[in-house]
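Per-entry structural report
If you want the building blocks of each chain, they are given just below.
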Amino acid sequence: MKKMKKLLAFALALTMAVGMSACGSSSKATEAPAAEGADQNQAASFTTVAEGELHMATNAAFPPYEMVSDDGGFEGIDVEIAEAIAAKLGLELVVDDMDFSSVIVAVQQGKADIAMAGLTVTEERKENVDFTESYATGIQVVIVPEDSDIASIDDLEGKQIGCQEGTTGYIYCSDIPENGGYGEENVTAYTNGANAVQALLTGKVDCVVIDSEPAKQYVAQNEGLKILETEFTVEDYAIGVGKDNPELLDAVNSALKELIDDGSVQKIVDSYINTNE
Ligand code: GLN
């Protein structure tokens, strides 16, 4: 009899849960299937590199998306979004700091679960990882000394350009002129943005092509630099997940969508980026 009651209670709870999710879906009809999928994934199926943990491959020298905090931990937009995703999936976020050029490889080799590094979605990268939906926009901009004779991207021909190794900025700039690039011989790749900016300050390169938000921070931190008004390209940032782990992709994507829809992602972005500047 007792067992029967329990069963009944369970059945009732189940009916209520189904009823509730049906309610939710009626207000947001288009998202209902994804939300249901998320529940199933969160309950079981996906696997991560280490049990109970979500390993994020990143390069923590890309403010305000990821950087080392004063206490030696990690902070930034990507770190906080990843923390919120991990929490939704019942996992603990672990940040694995590495060179930017290693983040996709780390996921491909099963050493990390997600690549999240202000990572631009490109067709080439799509061959190596699956991407979630985009959560932010990045713009490639040009940093020059204040007294530079470079006034727009049309003046970059024949100049020495500094970039970050493995980034879209490097890929575009080092391409052949027929494809809109400036030729490999005119571009120097540095392991991170800070090193590229250092090279600019010491006159080793004439400009640095890098994502706009880190660019703003580098310009604010160093005297005598400015960002050109003309933008190079506009790109989408997303999270890379291993191609052999579609269940994790679904789970991360569903959690991310929830965080975008309820305004959490915007709140995190706003806490790091002052849009009134
Ligand atoms: N958005 C650029 C890219 O994906 C740079 C990212 C970074 O340096 N962390 O290539």
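Residues numbered from 1 in each chain as written. Predicted model: local features only at pLDDT ≥ 70, side-chain atom pairs only at ≥ 80, totals over all residues. Heavy atoms only, no water.

A few points about the layout of surface pockets
Gaps left between atoms are located by rolling a probe of water-molecule size over the structure's atoms. Of the volumes computed, that of the second largest pocket is approximately 230 Å³. Residue lining of the second largest pocket: 16 residues in total, with Tyr65, Ala136, Thr137, Val269 and Ile273 positioned closest to the centre. Breaking the lining of the second largest pocket down by element, the ones donating at least two residues are β8 (136-145), α8 (212-221) and α10 (264-272). The class makeup of the residues in the lining of the second largest pocket is 9 nonpolar, 5 polar and 2 charged. (1 Å grid on protein atoms, 1.4 Å probe; cavity = no way out; pocket = protein on both sides within 12 Å on 5 of 7 lines; lining within 4 Å. Points joined across faces, edges and corners; volume = space filled by probe spheres on them. Helix = DSSP H or I, 4+ residues; strand = E, 2+ residues; numbered from the N terminus. Nonpolar A, V, L, I, M, F, W, Y, C, P; charged D, E, K, R; others polar.)

Things to note about the site of the ligand
The immediate surroundings of the ligand are formed by 13 residues, with Ala117, Gly118, Thr120, Thr168 and Asp211 found nearest. Between the ligand and Gly118, the relevant distance is 2.7 Å, taken from a nitrogen atom to a main-chain nitrogen or oxygen of the residue. Contacts to the ligand include Thr168, whose backbone N or O atom sits 2.7 Å from an oxygen atom. Isolated, the ligand exposes 300 Å² of accessible area, and the fraction of that covered by the protein chains is 100%. Assessed atom by atom at 2 Å from the grid points, the ligand resides in the largest cavity. Classifying every residue of the shell around the ligand by side-chain character gives 5 nonpolar, 5 polar and 3 charged. (Near = heavy atom within 4 Å. Polar contact = N/O pair within 3.5 Å; in protein donor to acceptor, adjacent residues only side chain to side chain. Areas by Shrake-Rupley, 256 points an atom, 1.4 Å probe, with all protein chains shown as cover. Sits in = over half its atoms within 2 Å of the grid points.)

Quick word on the packing of aromatic side chains
A full pass over the atoms with the stated rule returns 4 aromatic pairs. Ring centres 5.2 Å apart and planes at 85° place the aromatic pair Tyr65 and Tyr237 in the edge-to-face group. Taken together, the positions of Tyr65 in the loop between β2 (61-62) and β3 (66-68) and Tyr237 in strand β13 (residues 233-237) put the pair 172 residues apart, joining distant regions of the chain. For the residue pair Tyr65 and Tyr237, the accessibility class agrees, reading buried in each case. Among the aromatic residues, those joined into a ring-pair cluster are Phe62, Tyr65 and Tyr237. (Phe/Tyr/Trp six-rings, centres within 6.5 Å; stacked < 30°, edge-to-face > 60°. Buried < 20%, exposed > 50% of the residue type's maximum accessible area, 1.4 Å probe, protein only.)

Considerations on the packing of helix α3 (residues 77-88) against helix α9 (residues 246-261)
Angle between the axes and distance between the axes: these two values describe a pair of packed helices. Across the interface, α3 lies against α9 with an axial gap of 9 Å and an inter-helix angle of 115°. α9 is crossed by α3, and the crossing has right-handed handedness. Every residue of α9 that contacts α3 at Ile81, Ala84, Ile85 and Lys88 is listed here: Val252, Ala255, Leu256, Glu258 and Leu259. In the contact of α3 with α9, the residues fall into 7 nonpolar, no polar and 2 charged. (Axes fitted to C-alpha atoms, helices over the stretch in contact; angles between N-to-C directions. Left-handed = near helix turned anticlockwise from the far one by under 90°. Contact = heavy atoms within 4.5 Å.)

Purely geometric numbers; function is a separate question.
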